[in-house]
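Examining the three-dimensional arrangement
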Amino acid sequence: MTATDRAGRRAPVALLTDGAFTDGEATFSAMIVSGGLIRWTGHAQDVPTESVDEIVRLENRLVTPVLVDAHVHTSDTGQALAGVDLSGARSVSQALDLVAIAAAQHPGRPVYAYSWDETDWAEQRPFTSAELDRATSGADVYATRIDMHSACASSTLMDRAQAWHAPGSDGTGLIARDAHHLVREAHRGGVTAQDRGHFIDTAMRASLEAGIGVLHEMGAPVLTSEEDLLAVLAAGRRPNTPEVVGYWGQLVTSADEASALAARLGVQGLAGDLNVDGSIGSRTAALREPYADAIGMDGFAYLSPEEVAVHVAACTRAGLQAGFHVIGDAGMDCAIEGLQRAAADVGAGALGGARHRLEHAEMCHPEHLTALADLGVVASVQPAFDAHWGGSEGMYAARLGAERSSRTNPFADLVGAGVQLALGSDSPVTPFAPWEAMRACVLHHQKDQRLDVATALRLHTRGGHAAARDDRAGRLVPGAAASYVVWDQRGGLPSLRDGVAAPVAMRTVLRGTAVLDRL
Ligand SMILES: [Zn+2]
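Figured I'd write up the structure that's included with this text.

Parameters and conventions
Residues numbered from 1 in each chain as written. Predicted model: local features only at pLDDT ≥ 70, side-chain atom pairs only at ≥ 80, totals over all residues. Heavy atoms only, no water. Helix = DSSP H or I, 4+ residues; strand = E, 2+ residues; numbered from the N terminus. Polar contact = N/O pair within 3.5 Å; in protein donor to acceptor, adjacent residues only side chain to side chain. Contact = heavy atoms within 4.5 Å. Core = buried A, V, L, I, M, F, W, Y, C linked by side-chain atoms within 4.5 Å. Buried < 20%, exposed > 50% of the residue type's maximum accessible area, 1.4 Å probe, protein only. Donors = N, O, S within 2.8 Å, 3.2 Å for Na, K, Ca; no water. Tetrahedral: all angles 85-135°; square planar, octahedral: opposite > 155°, others 65-115°. Pairing = 2+ DSSP bridges. Axes fitted to C-alpha atoms, helices over the stretch in contact; angles between N-to-C directions. Salt bridge = Lys/Arg side-chain N within 4 Å of Asp/Glu carboxyl O. Parallel < 35°, antiparallel > 145°, perpendicular 65-115°, else oblique. Left-handed = near helix turned anticlockwise from the far one by under 90°. Nonpolar A, V, L, I, M, F, W, Y, C, P; charged D, E, K, R; others polar. Right-handed = clockwise from strand over helix to strand, strands pointing away.

**A closer look at the side chain of Ser425**
In this structure, Ser425 sits in the loop between strand S20 (421–423) and helix H16 (434–442). At 2.9 Å, the side chain of Ser425 and the backbone nitrogen of Ser427 are in polar contact. Those residues in contact with Ser425 that lie beyond four places of it in its chain are Asp69, His71, Val72, Gln382, Phe385, Thr430, Pro431 and Phe432.

**Focus: the nonpolar core**
Residues Leu270, Phe324, Leu358 and Leu372 are the most contacted members of the largest nonpolar core, which totals 79 residues. Per-element tally for this core: the top contributor is helix H10 (residues 329–346), with eight residues. Not counting chain neighbours up to four residues away, the residues in contact with Leu372 comprise Met332, Ile336, Leu358, Cys364, Val377, Leu414 and Val419. Among the nonpolar cores identified, the runner-up in size contains 30 residues, and Leu157, Val183, Ile280 and Ile327 belong to it.

**Here's the deal with the coordination of the zinc ion**
Within the protein, the atoms that donate to the zinc ion are His71 (NE2), His73 (NE2), Asp273 (OD) and Asp426 (OD), at distances of 1.9 to 2.6 Å. Coordination at the zinc ion comes from four donor atoms whose angles at the metal span 79 to 166 degrees, giving a geometry best classed as irregular. Taken in sequence order, the residues that donate to the zinc ion follow the motif H-x1-H-x199-D-x152-D. Here His71 is found in strand S8 (residues 67–72), whereas its partner Asp426 is found in the loop between S20 and H16, with 355 residues between them in sequence. By the burial criterion, His71 is buried, and Asp426 matches it.

**Brief notes about the sheet that holds strand S21 (residues 484–490)**
With mixed pairing, six strands are arranged side by side in an open sheet as S3-S2-S7-S21-S22-S23. Edge positions in the sheet fall to strand S3 (27–28) and strand S23 (513–517), since each of these pairs with one other strand and no more. Sheet topology places strand S2 (residues 20–22) next to S3; two bridges connect them, and they run antiparallel. Looking at S3, one finds that Phe21 is bridged to Phe28. Its contacts with the sheet put helix H6 (residues 193–209) on strand S22 (505–510) and S23, and the angle it makes with S23 is roughly 95 degrees.

**Digging into the environment of Thr41**
Inspection of the secondary structure assignment puts Thr41 in strand S5 (residues 37–42). Among residues more than four places away in sequence, those in contact with Thr41 are Phe28, Ala30, Met31, Leu476 and Pro478.

**Details of the pattern of salt bridges**
Opposite charge on two side chains permits them to pair, given that their charged atoms come into close proximity. Throughout the structure, instances matching the rule amount to 34 salt bridges. A salt bridge links Arg357 to Glu359; its shortest N-O distance comes to 2.7 Å. Exposure class is identical for Arg357 and Glu359. Each is buried. Note that Arg507 is salt-bridged to Asp517, the shortest N-O span being 3.0 Å. Residue Arg507 is found in strand S22, and its partner Asp517 is found in strand S23; the two are separated by ten residues along the sequence. Taking relative accessible area as the criterion, Arg507 reaches 17% and is therefore assigned buried.

**So, the sheet that holds strand S1 (residues 13–17)**
Strands sit in the order S5-S4-S1-S6 across an open sheet of four strands; the sheet is mixed. On the outer flanks of this sheet lie S5 and strand S6 (54–57), each paired with one strand and no other. Here the average twist between neighbouring strands, direction ignored, is 20 degrees. Inspection of the sheet shows strand S4 (residues 30–34) paired to S5 by five bridges, in the antiparallel sense. When the bridges of S5 are listed, Ala30 appears paired with Gly42.

**Quick word on unusual backbone geometry**
Backbone phi values are negative for most residues with the exception of glycine, while trans is the configuration of most peptide bonds. A cis amide bond links Ser427 with the next residue in sequence, Pro428, at an omega value of 15 degrees. Looking at the element boundaries, Pro428 is found in the loop between S20 and H16. Despite not being glycine, Arg511 has its phi angle at roughly 45 degrees, a positive value. Position of Arg511 among the secondary structure elements: in the loop between S22 and S23.

**Quick word on the packing of H16 against helix H17 (residues 453–460)**
Axis separation between H16 and H17 bottoms out at 9 Å; the angle between their running directions is 135 degrees. The pairing of H16 with H17 is recorded here as oblique in orientation. Considering the relative orientation of H16 and H17, their crossing is right-handed. In this structure, H16 contributes Pro434, Trp435, Ala437, Met438, Cys441 and Val442 to the contact, and H17 contributes Val453, Ala456, Leu457 and His460. Tallied by class, the residues present in the contact of H16 with H17 amount to nine nonpolar, one polar and no charged.

**Thoughts on the pairing of strand S19 (residues 378–381)**
Across the two faces of S19 the burial is the same, with Val378 and Ser380 and Ala379 and Val381 all buried. In the sheet, strand S18 (residues 357–360) pairs with S19 via three bridges, with the strands oriented parallel. Bridge pairing links Leu358 to Ala379 in S19. Crossover connection from S18 via helix H12 (residues 366–375) to parallel S19: handedness right-handed.

What follows is the structure, given as structure tokens:
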């Protein structure tokens, strides 16, 4: 049980006792930690008599492995935490007031606002460039919709981005697709390296406060920049920060190209937000049948099955994970056809072994479930999406109608089919709130898609590590990294029923080092 450091010194041995430890499988009350690893677990009365240097009494507090957020945009999260939250606005004028206050506080600086949802607003429409101009006396304003797939911008930003006549602009300041990409680029041009460093630090701190010790960073050329990705990865290598697993969503056509790109950026895969389609909220997710609330519109497929197949085969040959953002059922058809074609090319064994991943996977038909399991593909899902947009009165129902919306985010079906799931927030789309994600699994709008708390915890810990090809991490067993969270919750896992407060992290420990300590 003793560990020695490189100089042969004995590492201190800490006993954590009188706790309620669980990793969603085993439960026990004491754990011995030394040299960054778990050395022993068991019951308090059975603790080995060998000397310990420190005894921590946990007073029956819950201890779990650190949580893994499998889909994060780190610097955007920090920018949002430092920006204007419009999720509480209920009208155009309320939203404009919030933007105006922020503009007045930092004259001359660009304003970033986020999480507006016109379906919550009395007027049932977004604001316009002209309204943003009047409210801020002409400031640069970039205001993203809750799903991040469309936005509104002020006139100065629209002008600078030359976005007024780009595809996806409606001429009033509401932008999606190409026009949105132009505006995002122009806005990003106004963000300094110092701003970015502040955003990343802010997001990483928030993650540790939420008990999240591992972030899967989803960079992509259309969302961010290589510079931004490299800054996030570098921050993840500093002491006392969450570990970062990087993904980059850029299409490649050969194994050599894939290897060179992944090596240059230091990423685990060419996956993440490589968009097969868009989002349901913005009516850009590719659907088999048209949207229920827009005649003739069935979304957009940004990639062909052939492009998917070539990318997946290239990544498989390079030993890398491939992956895509897929939301609509026609998008899923495209992704699966591409994966199956790639399997025919590289061999089913090699393809399954590469453990490719699909982000979101919100609309799965039974044949999709079987195919995903057969292909060994990980589904990286965001339970908070069901909490926010599911149900008979929710956004999914408005866009898709009752029948299709009732089949969105089929977590129990995915698990039942044998698909590996990982849970994430897509922060800043939804905040770092892992217990709320687990609650959304437990209280899924569709009763037959609910998961129990222990299963949700395993998916938010081991599931996340497995999505990054690590099948050993995320458990509280001897030999595993001492990466765990002590929660304020006492006496085992919370029920997460409605009205029961989510546990709060009191101490977040990564490889034996407390990186957040409120105990
Ligand atoms: Zn994303």
